[in-house]
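Spelled out, the chains give:
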Amino acid sequence: MKLNGRQYWRSLNQLADTEEFREFLHREFPKGTAELAQDNSWSRRSFLTTMGASLALAGLTGCRRPVEKIVPYVTRPEEVNPGVPNQYATTMPMGTGAYGLVVTSHEGRPTKIEGNALHPSSRGSVNPIVQASILNLYDPDRSQSVLKQGRGVSYEDFLTFWSEQAGRYDSSRGAGLAVLAESFASPTMARLKKQFESEFPQAQWVTWEPVSDENGFAGIEAATGQSLKPVHDYSKAKVILSLDCDFLGHESNAIAATRGFSEGRRVTSQSDDMNRLYIVESALSTTGMMADHRLRMKSALVGRFVQALASELNAAGVKTGFGGDSGSSDFDSKWVRTLAKDLAGAGSKALVVAGRRQPAAVHAMVCALNAVLDSKAVEYRGMAGTEVSDSLAFVGLVDKMKAGQIETLVMLGGNPVYNAPVDHQFPFALSKVKQTIHLASHVDETSARCTWHIPRAHYLESWGDARSIDDTLSVVQPLLEPLYDGKADVEFLSALITGMAATGYELVRETWKSALEGGDFEKKWRRVLHDGVYAGGTAATKPRVNSKAVEALTIPESSGIEIAFYPSVVFDGRFANNGWLQELPDAVTKIAWDNVALFSPKTAEASHVENGDVVKLEIDGRVLEMAAFISPGQADDSIAVALGYGRSAAGRVGNEVGFDTFTLRTAAAPYFASGLKISKTERTHVLANTQDHGSMEGRAIVSENTLAGYREKAEFFPEGVEHPPLLPLWDEHPYKKGYQWGMSIDLNSCVGCNACVTACQSENNIPVIGKEQVRKGREMHWMRLDRYYAGEPDDPEVVVQPMTCQQCEMAPCEAVCPVAATVHDDEGLNVMVYNRCIGTRYCSNNCPYKVRRFNFFNYTKDLPEVVQMVQNPEVTVRSRGVMEKCSYCIQRINMTKITAKNEGREVKDGEIQTACQQACPAKAIVFGNINDPESEVSKLKENDRTYRVLEELNLKPRTSYLAKLRNPHPDLEKTKHDNDHRSEAAG
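Residues numbered from 1 in each chain as written. Predicted model: local features only at pLDDT ≥ 70, side-chain atom pairs only at ≥ 80, totals over all residues. Heavy atoms only, no water.

> Quick one: what's the story with the packing of aromatic side chains, residue by residue and with numbers?
Considering all chains together, one arrives at 27 aromatic pairs under this definition. Relative to Trp452, the ring of Phe158 has its centre 5.3 Å away and its plane inclined at 70°; by these criteria the two rings are edge-to-face. Highlighted residues: Phe158 in helix H5 (residues 155-171) and Trp452 in strand E20 (residues 452-455), separated in sequence by 294 residues. Exposure class is identical for Phe158 and Trp452. Each is buried. With 5.8 Å between their ring centres and 70° between their planes, Trp512 and Tyr534 make a pair best called edge-to-face. In this pair, Trp512 sits in helix H17 (residues 504-515) while Tyr534 sits in the loop between helix H18 (521-531) and helix H19 (547-551), placing the two residues 22 residues apart along the sequence. (Phe/Tyr/Trp six-rings, centres within 6.5 Å; stacked < 30°, edge-to-face > 60°. Helix = DSSP H or I, 4+ residues; strand = E, 2+ residues; numbered from the N terminus. Buried < 20%, exposed > 50% of the residue type's maximum accessible area, 1.4 Å probe, protein only.)

Laid out in structure tokens, this is it:
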């Protein structure tokens with residue numbers, strides 16, 4: 001797609017116009033679906049008659065509920081009204097942070113997760129992991145009983161065993177006893193930990209996780225001498241520098257970060273300003289795709305880059321206290337100098353952040369930079385009630401286990417057999433411990449090797465509490481009793497201390513009686529449960545940075561090719577058995593159901609590697625064979641690999657999916673290591689990559705400009721395609737009466753995080769279809785995020801565009817449907833009548849946006865009963881042979897209209913939120929009544945950045961977009977344009 005001299009492309013195959021790409025592009029339907037049409041004995045009428053009859057019979061037999069007896073409530077609970085969902089506030093703990101949530105429940109069955117608008121960590125939004133975590137609740141592979149050496153026993157049997165052990169440890173004061181826990185930020189867990197240490201003072205407590213913010217906390221402590229956590233407010237920053245930090249994607253507190261960052265990108269008129277983002281990283285990330293300026297480099301070089309930046313800041317009069325004479329000769333000197341000038345000019349409105357992959361020294365330097373800039377976009381709070389991962393303590397514990405000094409090991413969550421540093425041989429160390437006890441949701445790789453396995457309750461069936469990163473307190477409130485008699489962390493830890501069972505409710509209330517002291521406790525307690533948050537917390541502090549201590553820190557050297565590890569959509573593997581996440585295409589690569597070794601085009605050429613080649617990665621004598629993928633924007637001589645795949649005991653969804661990159665990860669180099677050797681094997685690996693699916697075949701789709709260009713003249717490139725006068729194919733409906741629904745999507749705010757895709761899947765009962773069907777182009781997501789590259793493959797710019805049914809007023813799908821299964825209603829919606837659809841797929845063939853999904857198979861007929869509990873009763877569960885697509889969440893529209901009608905009023909603007917809109921942390925999606933000139937969506941559609949995709953077809957889509965803006969620094973933008981012109985001349 002080359003428009004106005006700017007070329008857009010989705011993959012290297014498309015850019016090179018390879019035979020593989022052309023074959024996929026022109027094959028409207030996957031192989032094997034068109035053979036029937038080659039039989040000339042079939043007429044169109046006989047085909048439709050036979051297919052219609054067979055599918056009708058399939059519907060009668062396949063979709064009918066089995067006969068069963070229903071026993072009504074003898075006494076209906078006061079809060080339950082059949083058919084009317086309830087909503088409850090709760091919290092999802094995640095490491096040293098937490099997300100405030102509101103969960104929808106149908107007759108005691110949680111079905112949908114939303115963000116709690118009152119909670120600062122979520123602010124009403126979610127990310128894919130939070131949204132998909134509800135599927136873990138109904139995972140049929142969850143542990144369902146206590147196991148002793150693999151045999152099912154009762155929890156009372158364990159308590160009996162433990163009371164005997166506790167008696168022995170009482171006399172030895174806990175010598176030989178150790179607890180290995182995950183990171184947490186919970187007042188009740190902190191209180192119980194303190195009680196445990198008092199009961200067993202000689203016992204060892206170690207907190208460790210494979211992916212954590214440990215480096216960041218250690219860096220701040222090195223710089224300030226205090227144990228503090230940073231709280232970033234991106235809405236207050238005008239110039240942002242990200243150092244290997246995917247704060248819009250996989251870093252902690254990404255939801256709040258996305259909201260703040262996007263607020264700084266919101267432009268409603270030519271007079272508005274917007275923030276500017278610089279990023280230095282090795283692998284192209286979600287944050288990197290949003291950057292105005294991106295400098296790709298190996299992760300190991302980022303520390304030296306910070307020193308070079310400090311030198312430039314010193315030269316600009318901002319005395320950092322470190323940097324020395326390192327200069328910027330090893331990097332793009334103009335890039336570093338311009339960045340330093342921009343940061344210095346922004347002053348208190350500047351913000352520098354470092355990712356969890358960077359060592360403590362880099363985080364210490366970042367703390368110092370923010371201090372000398374007097375950044376108002378970061379503050380620091382205490383670590384009360386927070387247990388942080390400690391890798392050194394973990395290594396010490398493993399050494400004691402190997403030496404036989406640990407007699408009993410209790411593990412609260414985690415899966416160290418799978419994800420512990422490979423050089424410390426945790427499985428061997430575990431075999432040296434006499435009694436091993438593991439609290440876990442699944443009989444995973446670690447539980448399979450333990451003496452005792454205790455089922456762990458999901459957070460939606462647990463009592464607990466948590467502190468978010470900004471220190472907001474909240475309660476973890478269960479929505480149902482544990483499905484499999486699992487134990488919450490606080491319940492299990494309490495049992496270790498007392499030897500007796502206690503309810504989580506009692507334990508949490510005991511903690512909160514001190515937090516809510518003064519006045520009516522019950523009234524305050526009920527308010528916390530209702531709102532989901534409590535305003536208490538430690539006050540922010542402004543620490544003093546010790547510049548000499550920062551200057552004394554050393555940065556590791558880098559040589560040769562590096563391997564860099566990063567958390568994936570399944571994080572560290574704990575969500576590997578979640579089908580929604582496995583099938584979610586990666587935000588950058590668009591690969592589902594796999595992790596790959598990412599190569600830059602230059603490194604791939606030097607290694608003679610192509611997409612799907614199985615390569616051998618060797619470092620320090622350890623070898624892993626995995627599939628390669630060439631990723632535009634990847635740093636040269638840096639191979640990035642995602643963690644969390646290659647599980648052997650995840651469950652039926654996650655077993656043997658992808659490659660176990662933990663086998664290359666060591667304690668000394670947990671996030672990146674130099675000295676990688678690469679060699680090709682003779683094998684290939686099939687990848688399910690959706691990046692070319694739904695290709696727009698060279699048509700103008702995205703529209704963008706720079707902020708300066710927009711201010712000068714509100715025009716965008718690519719410009720609208722020239723076309724003759726637009727004439728309708730049939731008489732137009734005026735659509736001027738009543739509610740008329742429409743949507744506006746701001747490409748300048750959207751970060752491509754995929755939260756909308758997962759929210760749509762949860763809301764609309766969209767099935768998981770598996771790798772093979774995705775590979776064939778049959779993915780069922782009603783919403784997709786198209787990712788377009790522009791520029792050179794080595795270092796492209798990226799535009800992300802959400803694409804879903806455009807709800808055309810002149811819908812081309814309707815005219816070709818032989819059974820009127822897709823029709824228009826009087827509110828301007830293109831609706832589907834599933835009962836009529838016979839699966840001709842003519843509508844899909846006639847849709848220029850390629851947003852309709854054909855249901856090839858009955859993906860839901862064999863769903864375990866427990867998984868069916870997650871399905872939304874307000875949305876039909878479709879069977880095979882029908883076409884599906886976005887409906888603007890018509891079930892939400894109708895429910896709100898009914899409520900408004902019962903109350904004798906009109907629907908208020910903003911009262912209806914589609915699932916994608918509600919989930920979006922960037923608030924890039926706005927929905928409402930376009931017939932109301934005062935509605936937000938109507939005002940956005942009048943904005944001078946508004947455009948409609950393929951408007952020249954005169955389809956009159958109800959979804960419009962706000963064009964993307966970039967905010968490059970003028971000095972660097974001129975250099976970039978000069979380089980682009982030189983490249984075009986050379987071509």
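> Explain the pairing of strand E34 (residues 784-790) to me, using residue names and the numbers behind them.
E34 sits mainly inside the fold: 7 of its 7 residues count as buried. Every second residue of E34 is oriented toward a common face, with Arg784, Asp786, Tyr788 and Ala790 on one face and Leu785, Arg787 and Tyr789 on the other, all of them buried. Examined bridge by bridge, E34 and strand E35 (residues 797-803) share 7 bridges and lie antiparallel to one another. Opposite Tyr789, over in E35, you have Val798 as the bridge partner. The hairpin formed by E34 and E35 contains 6 residues between the paired strands, and Gly791 there has a positive phi angle of roughly 105°. (Pairing = 2+ DSSP bridges.)

> Give me the confidence of the model for the protein chain: which residues, what numbers.
Model confidence for the protein chain is summarised by a mean pLDDT of 88, while 89% of its residues fall at 70 or above. Residue range residues 1-5 is modelled with pLDDT below 50. Its contacts to residues more than four positions away, or to other chains, number 16 contacts. For the stretch residues 28-69, pLDDT sits under 50, and the model shows 28 contacts to residues farther than four places along the chain or on other chains. (pLDDT = per-residue confidence, 0-100. Contact = heavy atoms within 4.5 Å.)

> Please provide a residue-by-residue account of the packing of helix H10 (residues 302-315) against helix H11 (residues 333-346), values included.
As a packed pair, H10 and H11 sit with axes 9 Å apart at the nearest point and diverge in direction by 60°. Here H10 is positioned oblique relative to H11, judged by the angle of their axes. The two elements H10 and H11 cross, and the hand of that crossing is right-handed. Between H10 and H11, the contacting residues are Phe305, Ala308, Leu309, Glu312 and Leu313 on the first element and Trp335, Val336, Arg337, Leu339, Ala340, Leu343 and Ala344 on the second. Here the residues of the contact of H10 with H11 sort into 10 nonpolar, no polar and 2 charged. (Axes fitted to C-alpha atoms, helices over the stretch in contact; angles between N-to-C directions. Parallel < 35°, antiparallel > 145°, perpendicular 65-115°, else oblique. Left-handed = near helix turned anticlockwise from the far one by under 90°. Nonpolar A, V, L, I, M, F, W, Y, C, P; charged D, E, K, R; others polar.)

> Which residues make up the nonpolar core, and what values go with them?
Most often, soluble globular proteins keep nonpolar side chains buried together rather than apart. Within the largest apolar cluster, 151 residues are counted, with the highest numbers of intra-cluster contacts made by Leu101, Ile113, Ile563, Leu617 and Tyr849. With sequence-adjacent residues up to four places away left out, Ile113 is seen in contact with Leu101, Val102, Val103, Val126, Val130, Gln131, Ser133, Ile134, Tyr459 and Leu460. Counting residues in each nonpolar core, the second largest holds 62 residues, with Ile220, Tyr278, Ala291 and Val302 among its members. (Core = buried A, V, L, I, M, F, W, Y, C linked by side-chain atoms within 4.5 Å.)

> Describe the environment of Asp157, with residues and values.
With respect to the helices and strands, Asp157 occurs in helix H5. Residue class for Asp157 comes out partly exposed when judged on its relative accessible area of 38%. Separated by 11 residues in the primary sequence, Asp157 and Val146 have C-alpha atoms spaced 8.9 Å apart.

> Quick one: what's the story with the environment of Ile240, residue by residue and with numbers?
Mapped onto the elements, Ile240 comes out in strand E12 (residues 239-243). Among the residues examined, Ile240 registers a relative accessible area of 0% and is labelled buried. In this structure the C-alpha to C-alpha distance between Ile240 and Val352, which are 112 residues apart in sequence, comes to 5.9 Å. Once you skip the residues sitting within four places of it in the chain, Ile240 turns out to touch Tyr234, Phe247, Phe261, Asn275, Arg276, Leu277, Tyr278 and Leu351.

> Outline the pattern of salt bridges, listing residues and values.
Under the definition given, this model contains 51 salt bridges. For the salt bridge of Glu182 with Arg456, the shortest nitrogen-to-oxygen distance reads 3.0 Å. One end of the pair, Glu182, is in the loop between strand E8 (177-181) and strand E9 (184-185); the other, Arg456, is in the loop between E20 and strand E21 (464-467), and 274 residues separate them in sequence. According to the relative accessible area criterion, Glu182 is buried, its value standing at 14%. Here Glu704 and Arg966 are joined by a salt bridge, their closest N and O atoms 3.0 Å apart. In this pair, Glu704 is assigned in strand E32 (residues 704-706) and Arg966 in strand E43 (residues 964-966), connecting sequence segments 262 residues apart. The buried category is assigned to Arg966, whose relative accessible area is 6%. Connected via shared salt-bridge partners are Glu182, Glu209, Arg456, Asp489, Asp572 and Arg574. (Salt bridge = Lys/Arg side-chain N within 4 Å of Asp/Glu carboxyl O.)

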